[in-house]
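Okay, here's what each chain looks like letter by letter:
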Amino acid sequence: MRSFNLAEAVHKIPSALEDILVRGAYLEHSARALEQSRREQESRLQTMRASQPPFLFLRPKGTREAFLAATNNTTADLEVFDRALALNKRLSDHLRACSEEMLEKWLAAYCEEYQLGLAAARFAEDWENALTRATEQAQAFLKILGTARNMAPAGYDRVREVFSPGTYEAINQAHTLALKVEAEIAATNKIAKEHDSLLGKTVFNDPMPRLEQEPYASVVAQISSLPPMSAQIEFNRVIAAVEDLINREMVILRERMRESTHQQTGRTATYVRNAWNVLHNHAVAHSVEVEHIGAVVEQTERTYMAQSALAAS
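Residues numbered from 1 in each chain as written. Predicted model: local features only at pLDDT ≥ 70, side-chain atom pairs only at ≥ 80, totals over all residues. Heavy atoms only, no water.

For the rest of this paragraph, the subject is the layout of surface pockets. Within this model, the largest pocket holds a volume of roughly 180 Å³. Around the largest pocket, the lining is made up of 13 residues, and of these Gly 24, Glu 28, Ser 92, Trp 276 and His 280 lie nearest the centre. Listed by contribution, the elements that provide at least two residues to the lining of the largest pocket are helix H2 (15-50), helix H3 (61-110) and helix H8 (228-286). Examining the composition of the lining of the largest pocket, we find that 6 residues originate from one element, H2, more than from any other. Among the residues forming the lining of the largest pocket, the class breakdown is 6 nonpolar, 5 polar and 2 charged. (1 Å grid on protein atoms, 1.4 Å probe; cavity = no way out; pocket = protein on both sides within 12 Å on 5 of 7 lines; lining within 4 Å. Points joined across faces, edges and corners; volume = space filled by probe spheres on them. Helix = DSSP H or I, 4+ residues; strand = E, 2+ residues; numbered from the N terminus. Nonpolar A, V, L, I, M, F, W, Y, C, P; charged D, E, K, R; others polar.)

And the structure:
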């Protein structure tokens, strides 16, 4: 099943899940009837109280007792309805929790869309690891860039128009690290691409930002052939870009990733809840025989009230 579809699901869900859903539908019909009866009883009580004779305490004893008995009986009936509704709610909540758990397991096994939503959780760890590696490489790159920039003017041979051997070595190291930074950025963006591709056509669609892919290595390689002043400009430009990568881009992506992970958990829970609502509403509309409501509700109470969690409620 590509995505949750009622027409398919009603014929495929396990019989145990179907049984609980149908019992829940009977409980809802019973609750509606109880609420209606309670409203009618409440209305009768209000009418009786409104019709109370003035100075009731001065009325004959028989009149007083008849009126008080009638109001007390009506009040007692309201309490019976309240207890029945409270029990109905506890039982309905219990059955819903059981059936949602069963439904979640079934969706995880047979619903491709829900499976994709669950699979999205693995991207969080991949992103965290990728961003950690990218940050470490970028920080190392930033450090060697600063070293090379500081060495370049002092060691420049203006006659031969070359930097010192130490400067070239620092630039070479920076070039190597630039390649690693670019590779880590590409790896991080690949995770985002896979994430978006996986979820793009599902209800879990949640596009993720990408890190800017800058040509750090080629710029660093060109610095070797530049005069000191131009080299300083390029060093400063690359350093600023890497600082922005670390302090802004990666922070934004990490925060967005964590927000997405948190929302993803909520979306999978909502998916199950919505699927349950669809099945429940279908059962309420099509699976209840009015003449059997009382018998089914009584049998459901006997079966599930024995369970300690509900009995202790």
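And the narrative resumes.
Tyr 216, Ala 217, Val 219, Val 220 and Ile 223 are the residues of helix H7 (residues 216-223) that are buried. Angularly, the buried residues of H7 cover 165 degrees about the axis, an arc narrow enough to put them on a single face. Of the surrounding elements, those touching the buried residues of H7 are helix H5 (122-154), helix H6 (165-199) and H8. (Buried < 20%, exposed > 50% of the residue type's maximum accessible area, 1.4 Å probe, protein only. Arc of directions from axis to C-beta. Contact = heavy atoms within 4.5 Å.)

Looking now at the side chain of Glu 184. Position of Glu 184 relative to the elements: it lies in helix H6. Given the relative accessible area of 15%, Glu 184 is considered buried. With near-sequence residues (within four places) excluded, Glu 184 lies in contact with Ala 130, Arg 133, Ala 134 and Gln 137.

In this section: the packing of H6 against H8. The interhelical angle for the contact between H6 and H8, taken along N-to-C directions, is 25 degrees, at an axis separation of 13 Å. Here H6 lies roughly parallel to H8, going by the angle between them. Where H6 crosses over H8, the handedness of that crossing is left-handed. Residues Ile 171, Val 181, Ile 185, Thr 188, His 195 and Leu 199 of H6 form the contact with H8, whose participating residues are Phe 235, Leu 245, Leu 253, Ser 260 and Gln 264. Looking at the contact of H6 with H8 residue by residue, the classes come out as 7 nonpolar, 4 polar and no charged. (Axes fitted to C-alpha atoms, helices over the stretch in contact; angles between N-to-C directions. Parallel < 35°, antiparallel > 145°, perpendicular 65-115°, else oblique. Left-handed = near helix turned anticlockwise from the far one by under 90°.)

Judged by nonpolar contacts, the single largest core of 60 residues is most densely connected at Leu 103, Leu 107, Phe 141, Leu 145 and Tyr 216. Mapped by element, the contributors of at least two residues to this core are H2, H3, helix H4 (112-119), H5, H6, H7 and H8. In terms of residue count, the dominant contributor to this core is H8 (15 residues). Counting residues in each nonpolar core, the second largest holds 12 residues, with Ile 20, Tyr 26, Leu 27 and Val 284 among its members. (Core = buried A, V, L, I, M, F, W, Y, C linked by side-chain atoms within 4.5 Å.)

The final tally for this structure, using the stated rule, is 6 aromatic pairs. Each ring, one from Phe 123 and one from Trp 127, has its centre 6.0 Å from the other, and the planes form 50 degrees; the classification is tilted. One end of the pair is Phe 123 and the other is Trp 127, both in helix H5 and 4 residues apart, which spans about a single turn. Side by side, Phe 123 and Trp 127 carry an identical accessibility label, which is buried. Over the ring of Phe 123 we find Arg 122; its NZ or CZ atom is 4.3 Å from the centre of that ring. (Phe/Tyr/Trp six-rings, centres within 6.5 Å; stacked < 30°, edge-to-face > 60°. Lys NZ or Arg CZ within 6 Å of the ring centre and 35° of its normal.)

All right, on to the packing of H6 against H7 then. It is the contact of H6 with H7, at a shortest axis distance of 8 Å, that shows an interaxial angle of 170 degrees. Compared by their axis directions, H6 and H7 come out roughly antiparallel. Crossing of H6 over H7 shows left-handed handedness. Residues Ile 171, Ala 174, His 175, Ala 178, Leu 179, Val 181, Glu 182 and Ile 185 of H6 lie in contact with H7, whose contacting residues are Tyr 216, Ala 217, Val 220, Ala 221 and Ile 223. Class assignment of the residues belonging to the contact of H6 with H7 gives a composition of 11 nonpolar, 1 polar and 1 charged.

Attention shifts here to the side chain of Glu 234. Structurally, the position occupied by Glu 234 is in helix H8. Beyond its immediate chain neighbours, meaning those up to four positions away, Glu 234 contacts Val 219, Ile 223 and Leu 226.

The next point concerns the pattern of salt bridges. Applying the stated criterion across every chain, the model contains 17 salt bridges. Among the salt bridges present, the one from Asp 196 reaches Arg 210, with a minimum N-O distance of 2.9 Å. With Asp 196 in helix H6 and Arg 210 in the loop between H6 and H7, this residue pair connects regions lying 14 residues apart in the sequence. For Arg 210, a relative accessible area of 39% gives the class partly exposed. Among the charged side chains, a network of salt bridges with common partners joins Glu 128, Arg 254 and Arg 258. (Salt bridge = Lys/Arg side-chain N within 4 Å of Asp/Glu carboxyl O.)

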